[in-house]
Structure formats: C-alpha cells, structure tokens
Amino acid sequence: NAGVTQTPKFQVLKTGQSMTLQCAQDMNHNSMYWYRQDPGMGLRLIYYSASEGTTDKGEVPNGYNVSRLNKREFSLRLESAAPSQTSVYFCASRFIRAGANVLTFGAGSRLTVL
Amino acid sequence: AQKITQTQPGMFVQEKEAVTLDCTYDTSDQSYGLFWYKQPSSGEMIFLIYQGSYDEQNATEGRYSLNFQKARKSANLVISASQLGDSAMYFCAMREARIDRGSTLGRLYFGRGTQLTVWP
C-alpha cells in the first residue's frame, strides 16, 4: 500500500518551460488536492478534484492546470514556468477517519524555476 | 483575513517537558474541523489529531491533545513528555464545510506553522 505517490521528487526548470507533476493514490479516495508550500506561508490550495472528472480552483490557481485522469491520478501542469512557481508541491487525497475528513499527503515535489 | 493564525514562529522545549503550540481560527461556519499536522525535516506531512466543532471533549491521540476553546476560537496543540523526535514544523489547519457539486468537499486552510525544537 503506497498511499499517495508523487513524481518527480525534484525538478529544475528554466523560465518558460513546461512540466507536469504526477500524483497517484491507491486508496480508492474520491477527492484529491494539489497544494504548494512556500517559506513562511504554510500550505495553499492550488486545485482540487472532488471526484473523477471534476476539478475546481483553489486559492492560488493562476499559472497551473490540472487533470483528473481517473480515480487514481491527479496531475498538475505548469504550461510556462515562472520563478514565482519555485516551491514545494504536495498532492493529497482525502479519507474519512472517525467522522473527520483527513488529508493524507505525498512526500512532496521540490520545483525550482530559474 | 487569515483563517488560521499561528503566532509562534518557533518554540523550544526540553525533552520530557510539555509544550503548547498556539492556533486561533476564523470562521462563521457552525460546522468545521480543526487539524494538526507535523512536518519533520524529511518533508512529509503527517496527520496528528482532529477536533470537530461539535465535539464537546478535547481530542487526544497518545501524547497529543487538542485544547479546544470554541468561544475563543482557539485550538492549541499540547504535546506531553516531549521527545527529540518531536522536533519538526507543526501546522494547524481548518476545514470549513462547503457544498460542491452536491458533495461536501472539506477544503483545508493551513496556518504558517510553528517550528518546534526539542533539546536534551
């Protein structure tokens, strides 16, 4: 049981390049999320997907697109990377524990845009 | 306005002592949930404890307890008998109930974190 798996763990891009962060969960969860973490800012929600085939914007969606390919996979795409997108990105999925909606996170993907 | 405020950027505690990490929140919802996550230096986010807004008793999970004061809108994390392995960043988070596409989604809002250092 791998939980939430993100790839790649590290990536360096040049301004204007594109890339896709991959996320997969094997826990049969419906809801999945992409967050970014910046120093002193905590985690901020980029996009989320309540279920397969649906996606919605979070707090900081500009510059990103997402695809919920199937129930397992939720990818985050940067079409034209900017230095402001240098961050650590976390994918998460949601489960119910004792009546609580709990997020379980992947290990994170550290992205540097030069 | 920030929904979650953690006023302590850093805290220090001696091993085996108890420590309280502060968290206040802002919501007009009646139904909401409060969470604490731990992020060690390795980077992963680890769920610690949850408190629902309608729960009358404070949540406890082993050495972790959540001091929930609803009227003051505070949800402080108490770690008893600190261990060296407790050194990490701790995040408070809140879920507001929100109906999206016919289902409650439960988006999480995070505070900026408190860096806890446990010394021998």
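Please refer to the structure placed before this passage.
Just so you know, these numbers come straight off a predicted model, no measurement behind them.

A. Structural context of the overall build of chain A. Helix and strand content of chain A: zero helices and 11 strands. For chain A, the sequential pattern of α-helices and β-strands runs β-β-β-β-β-β-β-β-β-β-β. Expected size for 114 residues packed as a compact globule is a radius of gyration near 13 Å; at 13 Å, chain A falls within 12% of this value. Taken along the three principal axes of its C-alpha coordinates, chain A extends 45 × 30 × 25 Å. Looking at chain A residue by residue over its 114 residues, the buried ones come to 50%. Nonlocal contacts in chain A, meaning residues at least 24 apart in sequence, comprise 52% of its contacts between residues at least 6 apart. For chain A, the exposed surface amounts to about 5,100 Å²; the carbon and sulfur share of it is 49%. When the 12 positive and 7 negative side-chain charges of chain A are each reduced to one mean point, those points stand 5 Å apart.

B. Layout of the packing of aromatic side chains. Scanning all chains against the criterion turns up 14 aromatic pairs over all chains. On the basis of an interplanar angle of 65° and a centroid distance of 5.8 Å, the ring pair of tyrosine 37 of chain B and phenylalanine 47 of chain B is categorised as edge-to-face. With a gap of 10 residues between them, tyrosine 37 of chain B in strand β5 (residues 32-39) and phenylalanine 47 of chain B in strand β6 (residues 46-52) connect regions that are remote in the sequence. Three or more aromatic residues link up through ring pairs in this structure, and these residues are Tyr33, Tyr35, Tyr48, Phe90 and Phe105 of chain A together with Phe35, Tyr37, Phe47, Tyr50, Phe91 and Phe110 of chain B. One residue, lysine 3 of chain B, lies across the ring of tyrosine 109 of chain B, its end atom 5.3 Å from the ring centre. Lying over the aromatic face of tyrosine 64 of chain B, arginine 63 of chain B brings its terminal NZ or CZ to 5.7 Å of the ring centre.

C. Broad picture of the interface of chain A and chain B. Contacts between chain A and chain B engage 27 residues on the former and 23 residues on the latter. With both sides pooled, the region where chain A packs onto chain B buries about 2,000 Å², and carbon together with sulfur makes up 55% of that total. Contact with chain B buries surface across chain A, with Leu43, Tyr48 and Asn101 of chain A losing the most and accounting together for 21% of the total. One can count zero salt bridges joining chain A with chain B. When contributions to the side of chain A that touches chain B are tallied by element, the ones reaching two or more residues are β4 (32-38), β5 (42-49), β6 (56-57), β9 (87-97) and β10 (100-105) of chain A. Ranked by the residues each element gives to the side of chain A that touches chain B, the list is headed by β10 of chain A, at five residues. Looking at the side of chain A that touches chain B, its residues break down into 13 nonpolar, nine polar and five charged.

The rules behind each value
Residues numbered from 1 in each chain as written. Chains lettered and ligands numbered in written order. Predicted model: local features only at pLDDT ≥ 70, side-chain atom pairs only at ≥ 80, totals over all residues. Heavy atoms only, no water. Helix = DSSP H or I, 4+ residues; strand = E, 2+ residues; numbered from the N terminus. Rg over C-alpha atoms; globule rule 2.2 N^0.38 Å. Buried < 20%, exposed > 50% of the residue type's maximum accessible area, 1.4 Å probe, protein only. Contact = heavy atoms within 4.5 Å. Areas by Shrake-Rupley, 256 points an atom, 1.4 Å probe, with all protein chains shown as cover. Lys, Arg positive; Asp, Glu negative; His and termini not counted. Charge placed at Lys NZ, Arg CZ, Asp CG, Glu CD. Phe/Tyr/Trp six-rings, centres within 6.5 Å; stacked < 30°, edge-to-face > 60°. Lys NZ or Arg CZ within 6 Å of the ring centre and 35° of its normal. Buried area = accessible area lost by both parts, 1.4 Å probe. Salt bridge = Lys/Arg side-chain N within 4 Å of Asp/Glu carboxyl O. Nonpolar A, V, L, I, M, F, W, Y, C, P; charged D, E, K, R; others polar.

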